[in-house]
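# An overview of the molecular structure
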Amino acid sequence: MKLVQFWRPNVGYRVGLVRNENVIDITMPDVGLKSTNDFIENAAAGGLTLTEFVDQVLNAQPRAVYAWGELDTSRDLYTPHLALPLVPPEVWAAGVTYQRSAEFRDSETGETIYERAHHKARPEIFFKGTATRCVGPNQPIGIRRDSQFTAPEPELALVIGHRGEMIAYTIANDVSAWDIERENPLYLPQSKIFRGACALGPSIVTPDEIPDPYDVVIHCQIIREGKVIFQESSSTARLKRTFDELLEYLLCDNPVPGASVLCTGTGILVPPEGALREGDIVEIEIPPIGVLRNPVKQWGERAS
Ligand code: DO4
Ligand code: MG
């Protein structure tokens with residue numbers, strides 16, 4: 001099952017069930033089902049999976065239906081458009097879960113701190129932000145004004161349920177100011193947490209839609225002035241960690257609220273020529289979740 005949230009002019013945010021390129025509006029404000037988070041919470045309260053819960057309420061009333069193409073458009077108060085697929089109370093991220101990420105990061109410092117974390121039993125896990133730093137499909141991701149080398153990190157992400165279990169997948173762009181991280185790893189939070197540092201979407205899909213999550217292809221491209229200036233693919237087959245392992249460390253004496261998200265790390269590393277610029281478009285595709293497309297916005301005057 002595949003869920004989205006979208007905006008309807010004069011009505012507000014709605015929850016949509018995606019079927020055959022159509023989005024069925026399943027919002028039921030009268031019974032408190034106004035957001036994806038409400039569906040997640042009510043499913044958990046009733047001891048049901050998200051799919052079972054949605055199936056139960058689906059036929060309760062007639063539903064408005066939208067074409068996917070109609071909603072997959074930029075944010076505008078007067079036009080229906082996709083929004084964050086859920087509002088995560090917290091977003092966490094795992095790092096150096098792919099060998100390439102560890103090698104790339106160590107090559108800049110001449111140290112082996114990333115390689116060591118890649119091989120240790122304890123994974124790198126860091127706080128990525130809250131919903132206020134997140135954007136949905138077609139909304140701008142950001143470049144902080146004090147960064148010259150900000151890059152996308154295309155990642156498969158896990159949606160965490162109220163009992164700490166994985167209930168769905170989504171796509172995350174762990175947008176990162178790499179130059180700030182390179183200056184000193186102690187600056188990691190500043191390189192990772194800022195306005196528009198995390199894009200999520202376009203949908204969340206339940207585990208039954210991805211039979212082998214360790215064989216998922218992630219494709220990323222950066223488009224500048226209409227031309228593809230970078231493209232690369234990776235596969236979760238190269239992940240060093242299992243999702244259970246990442247969740248176990250994340251949740252160790254750490255009460256992460258339901259509907260939070262855990263990004264599972266990047267296997268795609270953009271070279272300095274691909275450093276993001278104002279006006280670029282970043283596209284990340286993971287079937288069947290969809291294509292997460294975001295324009296890039298430079299915040300403030302760029303520091304020289
Ligand atoms: O410590 C660096 C962060 C690594 C990361 O975000 C990744 O590998 O995806
Ligand atoms: Mg990352």
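Residues numbered from 1 in each chain as written. Chains lettered and ligands numbered in written order. Predicted model: local features only at pLDDT ≥ 70, side-chain atom pairs only at ≥ 80, totals over all residues. Heavy atoms only, no water.

With that settled, the discussion passes to the coordination of the magnesium ion (ligand 2). The protein atoms that coordinate the magnesium ion (ligand 2) are E153 (OE), E155 (OE) and D174 (OD), at distances of 2.0 to 2.1 Å. Since its relative accessible area comes to 2%, E153 is described here as buried. Since its relative accessible area comes to 0%, E155 is described here as buried. (Donors = N, O, S within 2.8 Å, 3.2 Å for Na, K, Ca; no water. Buried < 20%, exposed > 50% of the residue type's maximum accessible area, 1.4 Å probe, protein only.)

Looking at the protein, the domain boundaries give domain 1 (2-83) and domain 2 (91-298). At the interface, 17 residues of domain 1 touch 18 residues of domain 2. Taken together, both faces of the contact between domain 1 and domain 2 bury some 1400 Å²; the carbon and sulfur share is 57%. Of all residues in domain 1, K2, I40 and A44 give up the largest surface area on contact with domain 2, accounting jointly for 34% of the area buried on that side. Applying the counting criterion to the domain 1 and domain 2 interface returns one salt bridge. (Domains from an automatic or database assignment. Contact = heavy atoms within 4.5 Å. Buried area = accessible area lost by both parts, 1.4 Å probe. Salt bridge = Lys/Arg side-chain N within 4 Å of Asp/Glu carboxyl O.)

On to helix α4 (residues 99-109), then. Note: α-helices contain 3.6 residues per turn, so residues at a spacing of three or four share the same orientation. If you check which residues of α4 are buried, you get S101, A102, F104, R105 and D106. Close packing links the buried residues of α4 with α5 (113-119), α6 (178-183) and α7 (188-192). Of the residues trailing α4, G110 is marked for its positive phi of about 75 degrees. (Helix = DSSP H or I, 4+ residues; strand = E, 2+ residues; numbered from the N terminus.)

The subject of this paragraph is the packing of aromatic side chains. The geometry of an aromatic ring pair comes down to the distance between the two centres and the angle between the two planes. One pass over the full model with this rule turns up eight aromatic pairs. Ring pairing ties together the aromatic residues F104, F149 and W178, which thus form one cluster. Between K2 and the ring centre of W68, over which it is positioned, the NZ or CZ distance is 5.8 Å. (Phe/Tyr/Trp six-rings, centres within 6.5 Å; stacked < 30°, edge-to-face > 60°. Lys NZ or Arg CZ within 6 Å of the ring centre and 35° of its normal.)

Consecutive side chains along a regular strand alternate between the two faces of the sheet. Judged from the three bridges that link them, strand β9 (residues 141-143) and strand β19 (residues 290-298) form a sheet pairing that is parallel. Note that in β19 the partner of I143 across the bridge is Q298. Counted between consecutive antiparallel strands, the loop separating strand β18 (residues 281-286) from β19 contains three residues. (Pairing = 2+ DSSP bridges.)

Residues G201 and P202 are joined by a peptide bond in cis, for which omega reads 0 degrees. Relative to the assigned elements, P202 resides in strand β14 (residues 198-205). A cis amide bond links P287 to the next residue, P288, at an omega of 0 degrees. Tracing the backbone shows P288 in the loop between β18 and β19. At N20, a position not held by glycine, the phi torsion is positive, near 45 degrees. Classification of N20 as exposed rests on a relative accessible area of 73%. Although it is not a glycine, E225 adopts a positive phi angle of roughly 45 degrees. Structurally, E225 can be placed in the loop between β15 (217-224) and β16 (227-235).

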